Amino acid sequence: MGEQVHTQPSFIAVDAGSHFPLQNLPWGVFNRKAGGRRRVGVRIGEWVVDMAVLQARGFFNGPCLQDTAVFDKPALNDFMALGRPAWQEARAALQALLAADTPTLRDDAELRTRVLHPLSEVTMHLPTVIGDYTDFYSSEYHAANVGQMFRPGDDPLPANWKHLPVGYHGRASSVVISGTQVVRPWGQVLDADESQPCLLPSAELDFELEVGFFVGPGNVLGQPIPIGQAEDHIFGLVLVNDWSARDIQRWEYRPLGPFLAKNFATSISPWVVTLEALAPFRIPGPAQNPAPLPYLQTANITYDIQLEVALQSPTMAAPHVICYTNYRHLYWNAAQQLAHHTLTGCNVRPGDLLASGTISGPAPGMFGSLLELAWRGTKPISVGQHETRTFLKDGDTVTISGWCQGAGYCVGFGQVEGKIVPAQAAIKE
Ligand code: MN
């Protein structure tokens, strides 16, 4: 893959093993802790490049960006709407500006002070104003595990599963940035030996390891996105934790699917990694049998993204890794998800978030939820030396990491992290 790797280092020192070398350059929204409004930034090493300042000073004068002010905005929606030529123009300009042999920024102390902010001096925010959030169910291993648990004796996969990417319309308002605490939700649950439901804080709170993508240019209502054009509508990827309350889900999900069990919080990582940065890590996806209908037929490309989940309670000295898997285990790819989502003419808009569904691999240590790791509460897993878990306890912090390993460098997502805090004291009955 030599020709795709920029061996030229940046003048900004980046640690070996960092998720954020010059090859990555992911996008986010930040403001300075010292003050100032939210604007667009790009990460390199432990620094945030202030794109609003660079644009104001005329550094983006290519045909797509010269007459815009898309970086002095509190969200990436406007930049995402411009499409791939604009994204590539910005990336090329940044890679040139940050290269070791480019003196423009390297040798201008005043400009460096205005443009480069230490990561420790900024606060990250949601990358976009998320108009709509959709969650799929695209890991065959996850779907089969859930099928075995909830419908023992039946086929593990529903009859439709290999013909279409199953999904549901989620809740955009409760998508939160990494680091946001998650309050244990109350809900209706039906205990096993009861005939009537009761109102309780969820006792089966879970995480879901997922990867989502942000929509770039949208489509006009009534006009589907053809599968061959789907990638042009995908800006980049983030890590997603789709928190789920299994006891609430089990009672409420028939006949329309998850509702309150998944609407209280969905956490995402702050840095959006572009398809350009991920290009060296494209690999063939799993064989699809039976062949999907023509509107879902594609080159079947996915990405080799290593994924890890760690759990830490307040009494544990260090996070304990409980799952290690890979994005490649998804059966349906992002292009197929987007083509299917818009088949009816449903319009997606710039900044919309579409998540993969829980990503489980073939072996037990590769399951992307506690529901599966502890097999519906029947096989508690060990976390650290003294503790076990079937579901999450108050005080638990769940951290998902993701990265692509290149030859001598890494393109990563950083982390999405969230801590469970106790339920509200009482809900009026
Ligand atoms: Mn999910």
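Provided above is the structure to which this section pertains.
Thresholds, definitions, all that
- Residues numbered from 1 in each chain as written.
- Predicted model: local features only at pLDDT ≥ 70, side-chain atom pairs only at ≥ 80, totals over all residues.
- Heavy atoms only, no water.
- Helix = DSSP H or I, 4+ residues; strand = E, 2+ residues; numbered from the N terminus.
- Rg over C-alpha atoms; globule rule 2.2 N^0.38 Å.
- Buried < 20%, exposed > 50% of the residue type's maximum accessible area, 1.4 Å probe, protein only.
- Contact = heavy atoms within 4.5 Å.
- Lys, Arg positive; Asp, Glu negative; His and termini not counted.
- Charge placed at Lys NZ, Arg CZ, Asp CG, Glu CD.
- Pairing = 2+ DSSP bridges.
- Phe/Tyr/Trp six-rings, centres within 6.5 Å; stacked < 30°, edge-to-face > 60°.
- Salt bridge = Lys/Arg side-chain N within 4 Å of Asp/Glu carboxyl O.
- Polar contact = N/O pair within 3.5 Å; in protein donor to acceptor, adjacent residues only side chain to side chain.
- Donors = N, O, S within 2.8 Å, 3.2 Å for Na, K, Ca; no water.
- Core = buried A, V, L, I, M, F, W, Y, C linked by side-chain atoms within 4.5 Å.

Trainee: Could you give an account of the overall build of the protein chain, with specific residues and numbers?
Mentor: Helix and strand counts for the protein chain come out as 10 helices and 26 strands. Against the compact-globule benchmark of 22 Å for 429 residues, the protein chain has a radius of gyration of 22 Å, which places it among compact chains. Principal-axis analysis of the C-alpha atoms places the extent of the protein chain at approximately 70 × 50 × 40 Å. Buried positions account for 54% of the 429 residues belonging to the protein chain. Taking all contacts inside the protein chain whose residues are at least 6 apart in sequence as the whole, residues at least 24 apart take part in 72%. With 30 positive and 40 negative side-chain charges, the protein chain shows a separation of 3 Å between the mean positions of the two kinds.

Trainee: Describe in detail the pairing of strand 20 (residues 306–312), supporting the description with residues and values.
Mentor: Strand 20 sits mainly inside the fold: five of its seven residues count as buried. Pairing of strand 20 with strand 21 (residues 320–326) involves six bridges; the strand directions are antiparallel. Within the sheet, the bridge partner assigned to valine 309 lies in strand 21 and is cysteine 323. Sheet analysis places strand 20 next to strand 25 (residues 397–405), joined by seven bridges and oriented antiparallel. In the sheet register, leucine 307 faces strand 25, and the bridge partner there is glycine 402.

Trainee: Quick rundown of the packing of aromatic side chains? Include the residues and the values.
Mentor: For the coordinates displayed, the defined rule picks out 11 aromatic pairs. A centroid spacing of 5.5 Å and a plane angle of 25° characterise the contact between tryptophan 27 and phenylalanine 71, whose relative ring orientation is stacked. Taken together, the residues tryptophan 27 in strand 1 (residues 27–32) and phenylalanine 71 in the loop between helix 1 (51–56) and helix 2 (77–82) connect sequence positions 44 residues apart. You'll find tryptophan 27 and phenylalanine 71 in the same group, each marked buried. Both rings, one in tryptophan 161 and one in tyrosine 331, keep their centres 5.4 Å apart while their planes meet at 50°; by these two values the pair is tilted. Residue tryptophan 161 is located in the loop between helix 6 (140–150) and strand 7 (167–169), and its partner tyrosine 331 is located in the loop between strand 21 and helix 9 (334–341); the two are separated by 170 residues in the primary sequence. The residues tryptophan 161 and tyrosine 331 share a single accessibility class, namely buried.

Trainee: Which residues make up the pattern of salt bridges, and what are the values?
Mentor: Opposite charge on two side chains makes pairing possible when the charged atoms of those side chains draw close. Taken as a whole and assessed by the stated rule, the structure comprises 20 salt bridges. Between lysine 73 and aspartate 78 there is a salt bridge whose closest N-O contact spans 2.8 Å. Overall, lysine 73 belongs to the partly exposed group, its relative accessible area being 27%. For lysine 262, the salt bridge is made with aspartate 242, and the minimal N-O distance between the two is 3.6 Å. Note that lysine 262 is positioned in the loop between helix 7 (246–252) and strand 16 (266–268) and aspartate 242 in the loop between strand 14 (234–241) and strand 15 (244–245), a separation of 20 residues in sequence. Classification of lysine 262 by relative accessible area gives buried; the value is 7%.

Trainee: Please set out the environment of tyrosine 331 residue by residue, giving values where relevant.
Mentor: The exposure class assigned to tyrosine 331 is buried, which follows from its relative accessible area of 4%. Along the primary structure tyrosine 331 and proline 286 are separated by 45 residues, whereas in three dimensions their C-alpha atoms are 6.1 Å apart. Once residues within four sequence positions are removed from consideration, tyrosine 331 is found in contact with Ser138, Ser139, Glu140, Trp161, Lys162, Pro286, Ala287, Gln288, Asn289, Pro290 and Gln336.

Trainee: Talk me through helix 9; I want residue IDs and the actual numbers.
Mentor: Of all the eight residues making up helix 9, eight are buried; the element is thus mostly covered by neighbouring parts of the structure. Taken residue by residue, helix 9 has Ala334, Ala335, Gln336, Gln337, Leu338, Ala339, His340 and His341 as its buried positions. In this fold, the buried residues of helix 9 make contact with strand 6 (133–136), strand 7, strand 13 (209–215), strand 14 and strand 22 (353–355). Regarding helix 9, its N-cap is asparagine 333, as a side-chain oxygen of that residue lies 3.1 Å from the backbone nitrogen of alanine 335 further along.

Trainee: How would you explain the coordination of the manganese ion if you had to name every residue and give the values?
Mentor: Distances from the manganese ion to its protein donors, Asp135 (OD), Glu208 (OE), Glu210 (OE) and Asp242 (OD), fall within 2.1 Å. Written as a sequence motif, the donor arrangement for the manganese ion is D-x72-E-x1-E-x31-D. Of this pair, aspartate 135 sits in strand 6 while glutamate 210 sits in strand 13, and the two are 75 residues apart along the sequence. When its relative accessible area of 1% is taken as the criterion, aspartate 135 is described as buried.

Trainee: Account for the nonpolar core, naming residues and giving values.
Mentor: In this structure, Leu237, Trp243, Leu278, Ile322 and Tyr327 are the most contacted members of the largest nonpolar core, which totals 57 residues. In contact with tyrosine 327, not counting residues within four places along its chain, are Val211, Leu237, Thr302, Tyr303, Ile305, Leu307, Ala334 and Ile359. Within the second largest apolar cluster, 42 residues are counted, among which are Val40, Leu65, Phe79 and Leu111.

Trainee: Talk me through the sheet that holds strand 25; I want residue IDs and the actual numbers.
Mentor: Strand order in the open sheet formed by five strands is 9-26-25-20-21, and the pairing between neighbours is mixed. The sheet is open, and its two edges are formed by strand 9 (182–183) and strand 21, each paired on a single side. As paired strands, strand 9 and strand 26 (residues 410–421) are joined by two bridges and run parallel to one another. Note on strand 26: the bridge partner recorded for valine 183 is valine 421.

Trainee: How would you explain unusual backbone geometry if you had to name every residue and give the values?
Mentor: Across the junction of arginine 254 and proline 255, the peptide omega takes the value 0°, indicating a cis bond. Note on placement: proline 255 falls in the loop between helix 7 and strand 16. Cis rather than trans, the peptide bond between asparagine 289 and proline 290 has omega equal to 0°. In this fold, proline 290 is placed in the loop between strand 18 (282–284) and strand 19 (301–303). Residues other than glycine seldom take positive phi values, yet asparagine 300 does so here, at roughly 55°. If you trace the backbone, asparagine 300 turns up in the loop between strand 18 and strand 19. Classification of asparagine 300 as buried rests on a relative accessible area of 15%.

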